Amino acid sequence: MWLDRQEAYLAWAGIVSAFLLSLAFLITSGWLISQNHEISGTILGTVDLVALATIFITRQRAETAKYTDTAPDTDTTERT
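Quick caveat, the model's predicted, so the values are computed rather than measured.

Caption draft 1: Broad picture of the overall build of the protein. When helices and strands are counted, the protein shows two helices and zero strands. For the protein, the residues scored as buried account for 8% of the 80 residues in total. Approximately 7200 Å² of the protein is accessible, and the part contributed by carbon and sulfur atoms is 67%.

Caption draft 2: Structural detail: the environment of Gly 41. With respect to the helices and strands, Gly 41 occurs in helix H2 (residues 38-67). Each C-alpha atom of the pair Gly 41 and Ile 27 lies 9.6 Å from the other, and the pair is 14 residues apart in sequence. Filtering out sequence-adjacent residues up to four positions away, Gly 41 remains in contact with Ser 29, Leu 32 and Ile 33.

Caption draft 3: Seen up close, unusual backbone geometry. Its identity as a non-glycine residue notwithstanding, Asn 36 has a phi of 65°, on the positive side. Relative accessible area serves as the criterion here: at 62%, Asn 36 is assigned to the exposed category.

Caption draft 4: The arrangement of a nonpolar patch on the surface in detail. Residues Trp 12, Ile 15, Val 16, Phe 19, Leu 20, Leu 23 and Ile 27 make up a contiguous nonpolar surface patch of about 720 Å² in total accessible area. Within the secondary structure layout, Leu 23 lies in helix H1 (residues 2-34). A relative accessible area of 37% means that Leu 23 is categorised as partly exposed.

Thresholds applied
- Residues numbered from 1 in each chain as written.
- Predicted model: local features only at pLDDT ≥ 70, side-chain atom pairs only at ≥ 80, totals over all residues.
- Heavy atoms only, no water.
- Helix = DSSP H or I, 4+ residues; strand = E, 2+ residues; numbered from the N terminus.
- Buried < 20%, exposed > 50% of the residue type's maximum accessible area, 1.4 Å probe, protein only.
- Areas by Shrake-Rupley, 256 points an atom, 1.4 Å probe, with all protein chains shown as cover.
- Contact = heavy atoms within 4.5 Å.
- Patch = residues over 30% accessible without salt bridge, like charges linked within 9 Å, V, L, I, M, F, W, Y side chains within 5 Å.
- Salt bridge = Lys/Arg side-chain N within 4 Å of Asp/Glu carboxyl O.

Just distances and angles here, no functional claims.
Structure (structure tokens):
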């Protein structure tokens, strides 16, 4: 029971950490843009948003694969 709670706390901590980190990058990106570093700020903001979206998409796919029977065939014996 406490193991389930620990997994929930770790998942919550991961979500909060990712949110704070992405917020920091977006604030830095906005600051760079406001300081006439438009290219650097735009690149930093774009990379931040793309990375965040990629993480959520791959995590969702991994969770879906975990609950479905889509494991690759690992049988290496030859069939005749």
